[in-house]
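# Notes for the structure review
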Amino acid sequence: MNQSNLISTGQFVKRLPSLLMSMPSLIKGIRMATSTDLTKSVGLALCFEEAVGKNPDGPAVISEGRSISYRDMDNWANRIANLLLSRGVEKGDSVAILLDNRPELLASVLACAKIGAISAMLNTAQKGKILAHSINIVEPKCIIAGEECHGAFDGIRDQCDIQHQLYFFDGDTLTNQMPNPIPDQWEDLAQLSQGQSSDNPGLSYSITPEDPCFYIYTSGTTGLPKAVIFNHGRFMKLIANFGLVAVRLQSDDRLYVPLPFYHATALGVCWSSAIPNGAAIIMARKFSVSNFWDDIRKFKATSFGYVGEVCRYLLDQPEKANDRDHNIRIIVGNGIRPAIWKTFKQRFNIPKVMEFYASSEGNVAFSNLLN
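Residues numbered from 1 in each chain as written. Predicted model: local features only at pLDDT ≥ 70, side-chain atom pairs only at ≥ 80, totals over all residues. Heavy atoms only, no water.

### Thoughts on the packing of helix 3 (residues 44-54) against helix 5 (residues 103-115)
- Two elements in contact, helix 3 and helix 5, have axes whose closest approach is 8 Å; the angle formed by their N-to-C orientations is 110°. Relative to helix 5, the element helix 3 is oriented roughly perpendicular. Note on element contacts: helix 5 touches helix 3 through Val109, Leu110, Ala113 and Lys114, opposite Leu44, Ala45, Phe48 and Glu49.
- The residue makeup of the contact of helix 3 with helix 5, split by class, is six nonpolar, no polar and two charged. (Axes fitted to C-alpha atoms, helices over the stretch in contact; angles between N-to-C directions. Helix = DSSP H or I, 4+ residues; strand = E, 2+ residues; numbered from the N terminus. Parallel < 35°, antiparallel > 145°, perpendicular 65-115°, else oblique. Contact = heavy atoms within 4.5 Å. Nonpolar A, V, L, I, M, F, W, Y, C, P; charged D, E, K, R; others polar.)

### Observations concerning the pairing of strand 2 (residues 66-69)
- Sheet topology places strand 1 (residues 59-63) next to strand 2; four bridges connect them, and they run antiparallel. Paired with valine 61 across the bridge in strand 2 is isoleucine 68.
- Count of turn residues in the strand 1/strand 2 antiparallel hairpin: two residues, of which glutamate 64 carries a positive phi of about 50°. (Pairing = 2+ DSSP bridges.)

### As for the sheet that holds strand 4 (residues 118-121)
- Ordered in space as 7-6-5-3-4-8-9, the seven strands form an open sheet in which the pairing is mixed. Of all the strands in the sheet, just strand 7 (187-188) and strand 9 (227-231) have a single pairing partner and so form its edges.
- Pairing of strand 5 (residues 142-146) with strand 6 (residues 164-168) involves five bridges; the strand directions are parallel. Within the sheet, the bridge partner assigned to alanine 145 lies in strand 6 and is tyrosine 167.
- Helix 5 rests against strand 3 (94-98), strand 4, strand 5, strand 6 and strand 8 (212-217) of the sheet, and its axis sits at about 145° to strand 4.

### Overview of the environment of arginine 79
- Inspection of the secondary structure puts arginine 79 in helix 4 (residues 70-86).
- Note: C-alpha distance between arginine 79 and serine 198 (119 residues apart in sequence) is 4.8 Å.
- Those residues within four positions of arginine 79 in sequence are excluded, and the remaining contacts are Ser193, Gln194, Gln196, Ser197 and Ser198.

### Section: the packing of aromatic side chains
- If you walk through the whole model with that rule in mind, you get 17 aromatic pairs.
- Taking 5.6 Å as the distance between ring centres and 75° as the angle between the ring planes, the aromatic pair formed by phenylalanine 153 and tryptophan 186 counts as edge-to-face. In this pair, phenylalanine 153 is assigned in helix 7 (residues 150-154) and tryptophan 186 in the loop between strand 6 and strand 7, connecting sequence segments 33 residues apart. Each member of the pair, phenylalanine 153 as well as tryptophan 186, carries the same accessibility label: buried.
- Between phenylalanine 292 and tryptophan 293, the aromatic rings sit 5.1 Å apart at their centres with planes inclined by 85°, giving edge-to-face as the arrangement.
- With a relative accessible area of 0%, phenylalanine 292 lands in the buried category.
- Taken together, the ring pairs connect Tyr256, Phe287, Phe292, Trp293, Phe304, Tyr313, Phe344 and Phe348 into an aromatic cluster. (Phe/Tyr/Trp six-rings, centres within 6.5 Å; stacked < 30°, edge-to-face > 60°. Buried < 20%, exposed > 50% of the residue type's maximum accessible area, 1.4 Å probe, protein only.)

### Quick notes on the layout of surface pockets
- By volume, the second largest pocket amounts to about 530 Å³.
- In terms of lining residues, the second largest pocket is bounded by 26 residues, among which Met32, Ser35, Val42, Gly233 and Met236 are the most central.
- Only helix 2 (23-33), helix 3 and helix 9 (232-246) provide two or more residues apiece to the lining of the second largest pocket.
- For the lining of the second largest pocket, the element with the highest residue contribution is helix 9, accounting for six residues.
- A breakdown of the residues in the lining of the second largest pocket according to their chemical character gives twelve nonpolar, five polar and nine charged. (1 Å grid on protein atoms, 1.4 Å probe; cavity = no way out; pocket = protein on both sides within 12 Å on 5 of 7 lines; lining within 4 Å. Points joined across faces, edges and corners; volume = space filled by probe spheres on them.)

Given below as structure tokens:
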């Protein structure tokens, strides 16, 4: 046996106790990931509702000055879901989502999942004919846009046929002053949903694996963007593979996500890592290399989501005395280059890197379960 094999065997033996302790979660995850029952009730909403039962008062989403518990997040999504139902949105209809990273985005996606509607996760950087194309190819019944993004849609409104245009004020930056008035042709979604029941619409159990959950758009590097269907069965595989097997966050963990939630790494991988045991998602509005570690410390994050370029940008910054002053124990993402992997772990004292390989439009994925 050569030296590298001895090292690998030693590392495995060292990790064996923790693997044995995690065996119930691993077995549950493997069973869930390999299930072929297409009639079983599954999905994002059902998993989130189970997390509410496990950790109702724990934070589900933290964003700048706000912290929203699992129970409150669920009630909020129920009110939005009931409003959408009252506007004629049904299972299989698509709802365009045009929001920056903030709790309203996750509440809207969860609301859609509760009634079987499909969230079309629009890239907030898109404008003009590209945005119009992304909207029109999924034929949404309504659009949910944030104050920070609605102008992009207003610029191509005449190119789209959308029945309802629902508007969220920028809740992360509101002051005690009165917000600006609602723009013409938009309706205040926060105000409208307040009048709705917070009771569960009761449709979560009607969702099965092949029902679409959300659309993730390709980058459009080889033409106009394409909408990739991400069904509830695939989300369950993420819950299994990341939430129960690979990452296994607990109710006191906090996962910092500086990635855009219109991409699958944030919306799929990171959110599915947090939900099963009721961990918190910390939503950064945008990635900031200068604020990254300050945010990690400020919000007491124990994990973060990444793409390879995030790690490279952080590593390129001048070294600081407090580079290792944090509570991060595991990170999850993809794309760290081999040339910086060990250097990044050592400089910032990252105990565990859960790297995966996958693509939004692909049908295979794997991750380094043994670090």
